[in-house]
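Read off the chains here:
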Amino acid sequence: MFNLLAAEKIKLSQSKKLMIVIGIFLLLPIIQVVNTKVNVAYGKELVQVIDTVINGATGILMIDKNGLTILLVISAFISFFIGEEFQNGTIRNALSLGRSRMHYYLSKFATAAIVSLFGVIVLTAIGMISFSIAFGFGGVAEISNYVPYAIKTFSTLYLLILANVSIYVMISFQTKNSGVSLVWSFLYTIATGFLPNIFQQTEHFKHVSNWFTETFLFYYDFASPDGLATYPNMILVSIITILLSSTLGIILFNRTDIK
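Residues numbered from 1 in each chain as written. Predicted model: local features only at pLDDT ≥ 70, side-chain atom pairs only at ≥ 80, totals over all residues. Heavy atoms only, no water.

Asker: What is the right way to look at the overall build of the protein in this model?
Answerer: Assigned secondary structure in the protein consists of 12 helices and 0 strands. Counted from the first residue to the last, the protein has its helices and strands arranged as α-α-α-α-α-α-α-α-α-α-α-α. In terms of its C-alpha atoms, the protein occupies a principal-axis envelope of roughly 60 × 45 × 30 Å. For the protein, the proportion of its 259 residues judged to be buried stands at 47%. The long-range fraction of contacts in the protein, counting pairs at least 24 apart against all pairs at least 6 apart in sequence, stands at 78%. (Helix = DSSP H or I, 4+ residues; strand = E, 2+ residues; numbered from the N terminus. Buried < 20%, exposed > 50% of the residue type's maximum accessible area, 1.4 Å probe, protein only. Contact = heavy atoms within 4.5 Å.)

Following this line, the structure appears as structure tokens:
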């Protein structure tokens with residue numbers, strides 16, 4: 001397992017795809033703070049519920065503000081990162097050396113998780129710094145103890161992202177093709193992002209939407225008491241999603257013919 005992770009580290013150190021992902025996460029908050037500054041200069045009043053990030057303190061919510069973008073970028077990275085192993089036939093090299101399929105699968109998931117974590121840390125850090133420079137650090141309304149709030153919020157948001165990472169890894173291992181995986185991952189992201197809003201309009205299916213991690217990312221306010229009260233549910237749904245998708249992915253991968 002550790003040998004597989006070491007091999008992934010070497011591949012990533014030479015990966016242009018990783019540089020593109022980090023570049024996007026690096027530039028995105030800078031572009032957003034410039035755009036926000038221009039809008040304020042033209043008389044727009046920033047409202048946290050609508051704009052999500054309005055100062056350095058609320059910069060901890062950069063993952064929430066950019067949820068869809070993060071998921072699409074990460075899904076594209078994973079699609080090519082795993083799909084190319086099948087298309088180039090390099091997956092056979094690892095398996096022929098006696099590496100178990102479960103370890104191989106978990107090494108890919110672990111690598112995708114680490115890349116995602118590093119990416120959102122960069123996004124959040126640059127967001128907090130740039131918004132602090134432009135609008136001051138300030139605070140978060142109704143939050144008195146900021147540091148515990150920030151740690152809990154970032155951890156919860158990352159878990160929601162990680163749950164989707166596990167889905168993308170499962171899709172990539174089943175499609176075995178970068179392009180096909182990219183299409184299915186995008187469709188999954190868009191569908192689970194907008195279907196919950198439809199379910200919210202019906203009485204009988206309203207609670208079904210709370211089993212989609214995107215419901216929390218796209219429709220909940222992480223700076224409100226109601227949002228904070230939902231953190232345990234967010235964590236539970238994320239962990240269940242990770243366990244189910246990873247287990248299913250490993251089982252299906254073990255039954256897959258590698259040509």
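Asker: What is the right way to look at the environment of Leu-123 in this model?
Answerer: Positionally, Leu-123 belongs in helix H7 (residues 101-135). Overall, Leu-123 belongs to the buried group, its relative accessible area being 0%. A sequence separation of 106 residues divides Leu-123 from Lys-17, and the C-alpha atoms of the two residues are 17 Å apart. Other than its neighbours up to four places away in sequence, Leu-123 contacts Phe-25, Leu-28, Pro-29, Met-62, Ile-63, Asn-66 and Ile-70.

Asker: Can you help me understand the packing of aromatic side chains in this one?
Answerer: The description of two aromatic rings rests on the distance between their centres and on the angle between their planes. With the rule as written, the count across this model stands at 15 aromatic pairs. Consider the rings of Tyr-105 and Phe-253, whose centres lie 6.4 Å apart with planes at 40°: the pair is tilted. With Tyr-105 in helix H7 and Phe-253 in helix H12 (residues 231-254), this pair connects stretches of sequence that are 148 residues apart. Accessibility assignment for this pair places Tyr-105 and Phe-253 in one class, buried. Through a chain of ring-to-ring contacts, the aromatic side chains of Phe-86, Tyr-104, Tyr-105, Phe-173 and Phe-253 assemble into a single cluster. Between Lys-37 and the ring centre of Phe-135, over which it is positioned, the NZ or CZ distance is 5.2 Å. (Phe/Tyr/Trp six-rings, centres within 6.5 Å; stacked < 30°, edge-to-face > 60°. Lys NZ or Arg CZ within 6 Å of the ring centre and 35° of its normal.)

Asker: Would you mind showing me how to read the side chain of Thr-58 here?
Answerer: Note on placement: Thr-58 falls in the loop between helix H3 (48-51) and helix H4 (62-65). Apart from the residues within four sequence positions on either side, Thr-58 is in contact with Gln-48, Thr-52, Val-53, Gly-139 and Val-140.

Scope: geometric values only; no functional claims are made or implied.
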